[in-house]
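# Close look at the chain arrangement
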Amino acid sequence: MAPTYAGLTMSPRPRTPLERQARAALGRLAVDAPAAHEEVADTARDLVIEADLRGDALASCIAWRVIALVERGRGDLEDAVRSFEHSLSRARVGGFDVAAAESRISLAGLFAMSGQGLRALSEIDGALAGGALTTRVRARAVAQRGTILADLGRFVESLAAYEEALPALRAARDTVGEIVTLNSRSGLLLHLGRFADAEADLLRAERLQRRLGGGGLLIDLLQNLGEVTAMRGDLPGALRYHDLALEQAGGHESPMAAAHRIDVLLAARLVDEAGEAAERALASATIAEVSRPEIELRAAETALLAGDPSRAHELALAAAERFARQGRRRWVLLARQVGVRAALAGPERDIAAVRTARSLARALERTGWTSAAAETRLAAAETAVVLGWRGQLVQRDLEAAAHVGAGAPAQERLRAARAEALLGMVRGDRRTSRRALRRGLGVLDAYRAALGATELRAHASAHGEALAMIGVRMAVADDDVAAVLDWSERWRAATLQLRPVRPPDDDALADDLAGLRRITVEIDEAAMAGADTSTLIRHLHHLEQRVRATSRHAAGDRTAGLGRQHRPPTLAALRRAIGDRALVSFIGLDGTVLALSMHGRRVSVQSVGSVADMTREVESLRFSLRRLSRGGGSRLALDAARASVQASAAGLDALLFAHLGLGLGVERGEAAGAPGDEPACGSDPSLVVVPTGPLHALPWSLLPTCRARPVTVAPSISFWCDGPGDDRSPSSTITRSSGEPARAQARLRSRALLVAGPGLEHAEAEIAEIAALTPGGRVLAGPAATAAAVSAALPGAGLAHLACHGRFRSDNPMFSSLVLADGPLFVYDLERLGRTPETIVLSACDSGLSAVRSGEELMGLAAALFSLGTRHLVASVVPVPDDLTRTLMSELHRELRAGRAPEAALARARQAVADDGDRGMVAAAAFVCLGRSHGGGLGEKTTGRDGLPGERA
């Protein structure tokens with residue numbers, strides 16, 4: 001928050017025309033947008049030439065100061081110093097003491113910006129000591145002195161200087177001076193943790209600046225308000241301020257403005273977006289040398305959070321070297337801190353790196369970087385514990401990191417909880433550790449609940465990863481299955497427990513979504529015609545950015561997470577809920593996968609392999625399935641794809657199930673068979689699977705253990721037991737009767753919504769067949785199947801079947817969509833609905849895919865539907881053949897009408913297509929049943945001898 005004094009000094013003598021023009025140019029710097037400042041500088045250069053020719057020293061002095069301020073603003077510090085010297089020489093020649101003081105004030109700010117604090121202090125003291133100054137100029141000099149003292153770490157003196165300057169500036173009616181001083185003081189107050197006072201200063205400055213007009217100062221104030229708001233934990237508000245600043249700047253974001261935005265993106269754990277912003281800023285042609293290390297520092301932090309410590313260390317080292325050349329010693333320490341944390345996160349960490357970190361933490365504390373010091377101490381202590389060191393030095397580091405002041409931001413309280421939990425572990429005090437972990441996850445619950453956008457909620461869970469994993473590690477070390485269940489579930493897929501929040505400008509969002517639909521159709525039509533689509537694509541990206549920004553501005557309920565921490569089910573309650581089913585919950589921990597399994601009285605936790613191995617097998621399986629689905633290529637290529645599917649399926653089955661001891665068929669040594677050899681559904685128990693990481697994209701029925709049984713894929717155990725919309729605790733919900741009155745189920749059948757989208761040859765025939773099986777259902781097909789019509793009908797339906805193309809957006813899953821007659825229906829559209837049907841079938845390619853974030857948070861169509869009340873979703877995780885999907889879907893609805901639960905209906909329906917060659921095998925395997933516990937299908941449930949739900953007469 002560097003000051004930018006322009007100086008509009010009153011003169012008792014008459015002003016020359018050139019002087020008036022120079023002062024007008026100076027005044028424009030306070031109200032014009034930065035993009036116009038170069039034009040102002042060109043005007044000032046012309047004035048210098050004319051003023052020097054006419055001997056108007058004061059006009060030339062002021063014009064040179066305008067040039068210097070513009071050069072300083074774009075980071076050309078050496079040129080700015082020379083221009084200030086020209087300004088000073090003109091003032092001295094003419095004996096203009098006040099003008100000389102104004103130039104020295106601005107020059108002092110330049111020296112402070114370049115890390116020359118003592119030189120800056122000398123310059124400002126010289127300005128205060130020289131000549132007779134007006135009240136206004138003296139007040140500005142005192143305020144500038146306060147900013148320089150803050151940079152030198154002399155905070156008490158700095159605050160005193162501001163307290164002296166502000167009343168004088170108000171008395172002199174120097175509005176610009178007051179704005180700049182309030183802006184500068186807010187930076188110091190923010191550094192001292194006085195967030196409310198910092199915000200009050202900025203809000204007053206913003207009001208004053210708006211009276212003067214817009215301009216660069218307003219942009220700076222809005223960015224700083226975003227920083228303060230983010231530190232208070234209000235990320236929607238912070239993003240709104242930064243979007244307002246970008247709008248004020250005409251959409252042109254300077255590198256330093258990008259730096260402020262990156263800070264907020266990192267706080268929101270939008271790491272990929274922050275990394276892209278940092279790369280753009282570093283590649284910008286307008287980046288100033290003085291700004292480059294600050295961008296490099298943020299890029300280093302981004303790389304560290306993205307799991308690339310080598311790149312983070314490289315960037316941090318480059319930033320430290322640039323800061324050193326600029327004489328910015330305090331910033332050198334901050335850059336070294338990121339570099340040291342990167343070294344501690346790398347593969348070659350050792351106790352020497354721990355000692356370096358500990359020494360650096362002390363230096364950071366001495367210079368006022370208290371939060372960075374605490375982060376460094378915690379990183380050092382965590383590494384020391386991993387290396388086997390648990391002595392007094394480690395404990396002192398953890399004690400220091402666990403200290404947090406009252407009213408600290410959520411991120412600092414989460415870090416303190418992590419430090420206290422580790423301290424308890426080191427001291428063998430499990431009770432203290434568990435208490436700290438629960439407190440930290442409670443902070444995360446409240447923090448997440450205050451966010452309205454699903455995207456922000458999902459990414460926020462990254463803040464709790466380290467906490468939850470400490471709990472899981474302790475539980476595994478103690479061989480405590482109940483604790484593994486508890487800690488893995490406290491953090492998992494928590495966003496699905498919160499309903500989406502409409503943004504404050506929901507009408508604008510609706511208009512932009514409609515615009516996105518139109519332009520998507522235009523792009524598809526232009527591409528088919530071979531026309532240029534570049535302009536349309538640019539417009540599409542602009543609209544997507546607006547939609548995303550509008551959504552992010554929505555605030556959640558700040559009180560929702562207070563005192564109401566999510567409680568997973570106990571082992572006993574889970575056992576009652578599971579009944580005669582089997583359950584396997586996969587948990588990622590330190591690069592390995594644990595399996596928490598339960599069947600009957602048997603429950604266990606064991607390691608089943610590495611995340612890397614499973615990722616490789618899933619990717620291979622999906623690649624081969626896509627090739628078989630297309631059906632093209634040589635026989636040799638298809639044979640190779642088929643063999644690859646069989647090998648990957650067998651390999652995954654061996655990794656995931658072979659050693660769990662659940663009494664499942666393949667474990668008893670039965671022949672696995674090949675994919676496509678579909679056995680009849682017999683006595684095998686139903687299976688509930690909770691995936692981790694890459695397993696969310698797995699077509700489970702291809703695995704021999706899963707092929708003959710109903711399988712439900714749930715985002716978490718807690719969600720399977722108790723989804724959103726139930727005003728009950730998990731313990732009460734999971735023990736309720738699973739059946740529903742037949743009349744209620746009949747009403748669900750009569751409220752079916754059946755939709756046929758465009759571009760699928762068999763979609764309308766598929767819907768016609770299903771409509772014959774579902775009397776009273778509403779059919780939307782052809783031109784009637786619009787986004788508006790489907791959105792209006794979904795909330796009132798009990799069951800919905802949508803036969804249409806699906807588009808999964810891995811780059812931004814909130815723009816995943818279902819293609820309808822007038823264009824795509826986006827996830828954002830779904831989130832605007834009040835509720836969605838209890839059971840939904842999406843016979844669309846990839847419609848069951850989700851982006852998986854930290855904490856197994858899901859983003860995509862499935863997550864949106866679950867958060868609005870959908871209990872069961874039948875959808876595909878790979879591309880599917882249209883004709884065979886039609887057959888599969890008709891059979892699925894026959895089974896549903898017979899009263900079977902969706903997972904059982906899908907297991908039986910697969911048999912209708914599984915033997916129809918490679919494409920039949922793909923169609924049978926592609927669809928999974930996602931969702932929650934279900935007591936029955938569309939009729940009342942009983943359990944027959946085959947272990948599958950049957951229909952009561």
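This is a predicted model, so every value here is computed, not measured.

About the criteria used
- Residues numbered from 1 in each chain as written.
- Predicted model: local features only at pLDDT ≥ 70, side-chain atom pairs only at ≥ 80, totals over all residues.
- Heavy atoms only, no water.
- Helix = DSSP H or I, 4+ residues; strand = E, 2+ residues; numbered from the N terminus.
- Buried < 20%, exposed > 50% of the residue type's maximum accessible area, 1.4 Å probe, protein only.
- Contact = heavy atoms within 4.5 Å.
- Polar contact = N/O pair within 3.5 Å; in protein donor to acceptor, adjacent residues only side chain to side chain.
- Core = buried A, V, L, I, M, F, W, Y, C linked by side-chain atoms within 4.5 Å.
- Salt bridge = Lys/Arg side-chain N within 4 Å of Asp/Glu carboxyl O.
- Pairing = 2+ DSSP bridges.
- Axes fitted to C-alpha atoms, helices over the stretch in contact; angles between N-to-C directions.
- Right-handed = clockwise from strand over helix to strand, strands pointing away.
- Parallel < 35°, antiparallel > 145°, perpendicular 65-115°, else oblique.
- Left-handed = near helix turned anticlockwise from the far one by under 90°.
- Phe/Tyr/Trp six-rings, centres within 6.5 Å; stacked < 30°, edge-to-face > 60°.

### Some details on the environment of Arg-377
With respect to the element layout, Arg-377 can be found in helix H19 (residues 370–386). Note on Arg-377: relative accessible area 11%, which makes it buried. Separated by 36 residues in the primary sequence, Arg-377 and Arg-341 place their C-alpha atoms 9.6 Å from one another. Among residues more than four places away in sequence, those in contact with Arg-377 are Arg-358, Ala-361, Arg-362, Glu-365, Asp-397 and Ala-400. Here Glu-365 takes part through its side chain, which lies 3.0 Å from a polar atom of the side chain of Arg-377. One polar contact links Arg-377 to Asp-397, side chain to side chain, over a distance of 2.6 Å.

### Some points on the nonpolar core
In terms of nonpolar packing, the biggest core is built from 115 residues, with Phe-586, Phe-657 and Trp-700 touching the most fellow members. Among the nonpolar cores identified, the runner-up in size contains 101 residues, and Ala-281, Leu-315, Ala-335 and Leu-360 belong to it.

### Quick notes on the pattern of salt bridges
Under the defined criterion, the tally for this structure stands at 56 salt bridges. With a closest N to O distance of 3.7 Å, Arg-311 and Glu-279 form a salt bridge. A residue pair is termed long-range when its members are at least 10 positions apart, and Arg-311 in helix H16 (residues 309–325) and Glu-279 in helix H14 (residues 271–283) qualify at 32 residues. Relative accessible area serves as the criterion here: at 28%, Arg-311 is assigned to the partly exposed category. A salt bridge links Arg-418 to Glu-382; its shortest N-O distance comes to 2.8 Å. On the criterion of sequence distance, the pair formed by Arg-418 in helix H21 (residues 410–426) and Glu-382 in helix H19 is long-range, its members being 36 residues apart. Under the relative-accessibility criterion, Arg-418 is labelled buried at 16%. Ionic contacts of the salt-bridge type, sharing partners, join the residues Asp-263, Glu-294, Arg-298 and Arg-328 into one network.

### Regarding the sheet that holds strand S9 (residues 806–807)
The three strands are arranged S9-S10-S11 in an open sheet whose pairing can be described as antiparallel. At either margin of the open sheet sits one strand with a lone partner, and together these are S9 and strand S11 (823–826). Bridge count for strand S10 (residues 817–820) against S11 is four bridges, and the pairing is antiparallel. By the bridge assignment for S11, Leu-818 is matched with Leu-825. Set on the sheet, helix H26 (residues 506–528) makes contact with S9 and S11; between it and S11 the angle comes to about 140°.

### Looking at the pairing of strand S6 (residues 752–756)
Judged by how many residues are buried, S6 sits mostly within the fold: five of five residues are covered. On S6, burial covers both faces: Ala-752, Leu-754 and Ala-756 on one face and Leu-753 and Val-755 on the other are all buried. Inspection of the sheet shows S6 paired to strand S8 (residues 799–803) by five bridges, in the parallel sense. Bridge pairing links Val-755 to Leu-802 in S8. Across three bridges, S6 lies against strand S7 (residues 778–780) in parallel orientation. Pairing of Val-755 across the sheet is with Leu-780, part of S7. Running through helix H35 (residues 763–773), the crossover from S6 to the neighbouring parallel element S7 is right-handed.

### Focus: unusual backbone geometry
The general pattern is negative phi for most residues beyond glycine and trans for most peptide bonds. Even without being a glycine, Arg-173 presents a positive backbone phi close to 55°. In this structure, Arg-173 sits in the loop between helix H8 (155–171) and helix H9 (175–191). Not every positive phi belongs to a glycine, and Asp-479 is a case in point at roughly 55°.

### With respect to the packing of helix H22 (residues 430–449) against helix H25 (residues 481–491)
Packed helices, taken two at a time, are described by their axes: the angle between them and the distance between them. Taken N-terminus to C-terminus, the directions of H22 and H25 make an angle of 20°; their axes are 11 Å apart at the nearest point. As summarised for this structure, H22 and H25 are arranged roughly parallel, according to the angle between their axes. When the axes of H22 and H25 are compared, the crossing they make is left-handed. Facing Arg-434, Leu-437, Arg-438, Leu-441 and Leu-444 of H22, the residues of H25 in contact are Trp-487, Arg-490 and Trp-491.

### Examining the packing of aromatic side chains
Evaluation of the coordinates by the stated rule reveals eight aromatic pairs. Arranged with centres 6.3 Å apart and planes meeting at 65°, the rings of Phe-657 and Trp-700 form a pair that is edge-to-face. Of this pair, Phe-657 sits in the loop between helix H30 (635–656) and strand S4 (687–690) while Trp-700 sits in the loop between S4 and helix H31 (704–707), placing them 43 residues apart in sequence. Judged by its relative accessible area of 1%, Phe-657 falls in the buried class. Owing to a relative accessible area of 2%, Trp-700 belongs among the buried residues under this scheme.

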